[in-house]
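Coordinate analysis (summary)
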Amino acid sequence: MSAPTLAQLQAEFKQYLFSGANEAVLADQIRGANNIDATRRLDVYRNAYHIRLHAALAQDFPALLMKMGEAAFGREMAAYLKVCPSTSPSVRYIGKQLPHYLANRNKPQLADLARLEWAVLKAFDAADASALSVAAMAHIPPTAWQDLHFEAHPSVSLLEVSGHVFDVWTAHRRQQPLPERQTAATVPLLVWRSPGGPAVRRLSTAGHTLLAAVIDGQSFAQACVRLALGTPPDAVAPRAARSLLDLLQRGCLANTSFSGP
Amino acid sequence: MRGEVALDWFELISENFMVDGGKPLAVLDAVCEHYPVALHGVSLNLGGSDPLDEVYLNRLETLIGRCEPVRVSDHLCWTRHGGHHLHDLLPLPYTQDTVTHVAERILRVQDRLKRQILIENVSSYAEYAHSDMREYEFLTAVAERADCLILLDINNIVVSAHNHGFDAETYLRTIPVGRIRQIHLAGHSISGPLLIDTHDHPVSDPVWRLYAQAARKIGATATMIERDDAIPPLAELLAELDMARTLHAQEQAA
């Protein structure tokens, strides 16, 4: 039998780590020295691969783990890793496809929970940017507000998840028993990096509308038009102002641009 | 992080700082302000058959620019295939063809980073039937051919020597000691007939003994104790580090 090429050997080894199905084929390439047979030696690598990646997923998605329970989480993650093996040099990104994977598996609540936990991870190490201050607003000429565009801080995510998912996430964070009662209505959530670390907050309808407009690249005026739908006319300006102030005070806006002098 | 801990330098896992911002980079900047740092990678895939990852090298280059490390290292192994990262330090066949392949990749990396890198010997649990040299001969051949430096992991020598039945002292006698710029010490665990490099135990006696021999042979070398799990209080770790310093001083004086 001729020796395999490096690429053939590595393809075989990878397949073994993923599924174990080709164990006999790979074991033929391994020296069983010191009375320790090849399969026992290979087991060390296969076990380590699964334990390491399972531990990383458990660390990144602790509320999901709590919601599913150890056994179901373990089975789901094993299946996930078969479909979505790592494509990043850092194990930090091992869970990147998990929300999408769970959604495709028709598990919308688990997908929502994974999406929320992934957004929290993103907030942790997203790019740095100077937050736009409330004081900076004073320098914007009144005529510029019509065309004013804001930019969300890189750590910001806007999510809509079921109320139950937010309740589960909150209970996990507070180390409380998970809620049984299902709340079907969706809630808009702001995830961002506060000075103390990643933070999650439920948004008001106006805050949701404003942030969605910012993320979509719309101007402040366009955001106000969106907000006007379903809002009493005299409430639009105060609600827009209050929501803008809230985003500014939390450091969720990074930049602003407008045309004119 | 004002230099008050009795440490001479920090080793940072490169991939942990290949992020866009936030706390990891703030910590990196704070460490770099007060201590020299060494960058230690786990995913360069020097022994892989996939092409070298240009995106990874760009990030590593950026990181080097940010923290100006005193050393840059990775492992003598493979970690990725077909675009999939396996997040483990997987064994290479010890053949002349592999020496040529890996040395050429190290040369390309060194050319790209404009510096010599250190390659670390890994713990291994399996050797390939078609390997026709010992691990220490392989490490020697790769280092000489690539003209690179070595990060010698004493625990990994003890673990691999046990698992494959070679003599750890022969390992130390064979490798080009003039290329060693850093030493790793660590603990391992026992799993039936195999030793496993788990970094969750104190440094074992066989590792201390081999370290003493290495210290005599190599001279003053930056030494670090790896501990990834079951981490004891800092005082215990610092006591272990003091043990390394004392052993080293004794061997130098002998």
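For the structure, see preceding data.
Keep in mind it's a predicted model, so treat the numbers as computed, not measured.

Considerations on the overall build of chain B
Assigned secondary structure in chain B consists of 8 helices and 11 strands. A globule of 254 residues ought to have a C-alpha radius of gyration of about 18 Å, and chain B, at 18 Å, matches this closely. The principal-axis extents of the C-alpha atoms in chain B amount to approximately 50 × 45 × 35 Å. Burial status across chain B gives 59% buried among its 254 residues. Here the contacts in chain B between residues at least 6 apart in sequence split such that 81% fall between residues at least 24 apart.

What to know about the sheet that holds strand E1 (residues 10-13) of chain B
Residue and element names in this part refer to chain B. Sheet architecture is open: 7 strands sit in the order E1-E2-E3-E6-E7-E8-E11, paired in parallel fashion. Strands with a single pairing partner mark the edges of an open sheet, and in this sheet they are E1 and strand E11 (222-226). Taken over all neighbouring pairs, the strand axes of this sheet differ in orientation by 25° on average, direction set aside. Summarising the sheet, strand E7 (residues 149-153) and strand E8 (residues 180-186) pair through 4 bridges and their orientation is parallel. By the bridge assignment, Leu-152 is partnered in E8 with Ile-183.

Thoughts on the interface of chain B and chain A
The interface is formed by 47 residues belonging to chain B together with 39 residues belonging to chain A. For the pair chain B and chain A, the two sides together bury roughly 3600 Å², of which 62% comes from carbon and sulfur. The salt bridge partner of A:Arg52 is B:Asp88, with a shortest N-O separation of 3.6 Å. Between the two partners, chain B and chain A, sit 21 residue pairs in polar contact (both at pLDDT 80 or more).

Quick notes on the sheet that holds strand E4 (residues 197-202) of chain A
All names here are of chain A. Pairing is antiparallel across the open sheet formed by 3 strands, whose spatial order is E2-E3-E4. Each end of this open sheet is capped by a strand with a single partner; those strands are strand E2 (157-162) and E4. Taking the axes of each pair of neighbouring strands and ignoring which way they run, one obtains an average angle of 30° across the sheet. Pairing of E2 with strand E3 (residues 186-194) involves 6 bridges; the strand directions are antiparallel. By the bridge assignment for E3, Leu-159 is matched with Leu-189. Along the sheet face, helix H7 (residues 108-125) touches E2, E3 and E4 and points at about 160° away from the line of E2. Across the face of the sheet, helix H9 (residues 205-215) comes into contact with E2 and E3 while running at roughly 130° to E2.

What about helix H3 (residues 96-113) of chain B?
All names here are of chain B. Given a rise of 1.5 Å per residue, 18 residues ought to cover 26 Å, and the 26 Å separating the end C-alpha atoms of H3 matches this to within 8%. Where H3 is concerned, the buried positions are Thr-98, Val-99, Val-102, Ala-103, Arg-105, Ile-106, Val-109, Gln-110 and Leu-113. Seen end-on, H3 carries its buried residues on one side only, within an arc spanning 165°. Residues of H3 that are exposed and point more than 90 degrees away from the buried face comprise Asp-97 and Asp-111. Trailing H3 by a residue or two, Lys-114 shows a phi angle of about 55°, which is positive.

What counts as what
- Residues take numbers from 1 onward in each chain, read along the sequence in its written order.
- To read the labels, note that chains go from A and ligands from 1, taken in the order they are written.
- Per-residue local features are limited, in this predicted model, to residues with pLDDT of at least 70; the limit for side-chain atom pairs, both in listing and counting, is 80 or more; totals at the level of whole chains, interfaces and linings are taken over all residues.
- To obtain the side-chain values, all non-hydrogen atoms of the structure were included, while hydrogens and water were left out.
- Helix and strand labels come from DSSP, where a helix needs a run of H or I of at least four residues and a strand needs a run of E of at least two; each type is numbered from the N terminus.
- C-alpha atoms define the radius of gyration in this analysis, and the globule rule sets the expected value at 2.2 Å times the number of residues to the power 0.38.
- The rule is simple: take the accessible area with a 1.4 Å probe, protein chains only, and divide by the maximum for that residue type; under 20% is buried, over 50% is exposed, in between is partly exposed.
- By the convention used here, residues are in contact when the closest approach between their heavy atoms is within 4.5 Å.
- When DSSP finds two or more bridges between two strands, those strands count as paired.
- Between the N-to-C directions of two axes lies an angle of 0 to 180 degrees, each axis being a line fitted to C-alpha atoms and, for a helix, fitted only over the stretch in contact.
- Simply put, the buried area is the total loss of 1.4 Å probe accessible area from both parts when two parts are fitted together.
- For salt bridges, the criterion is a side-chain nitrogen of Lys or Arg within 4 Å of an Asp or Glu carboxyl oxygen.
- Identification of polar contacts relies on pairs of N or O atoms within 3.5 Å, with a donor-acceptor requirement for protein atoms, meaning one able to donate a hydrogen and the other able to accept it, and with residues adjacent in sequence counted only if both atoms are side-chain atoms.
- Multiplying one less than the number of residues by 1.5 Å gives the expected span of a helix.
- The arc refers to the directions leading from the helix axis to the C-beta atoms.

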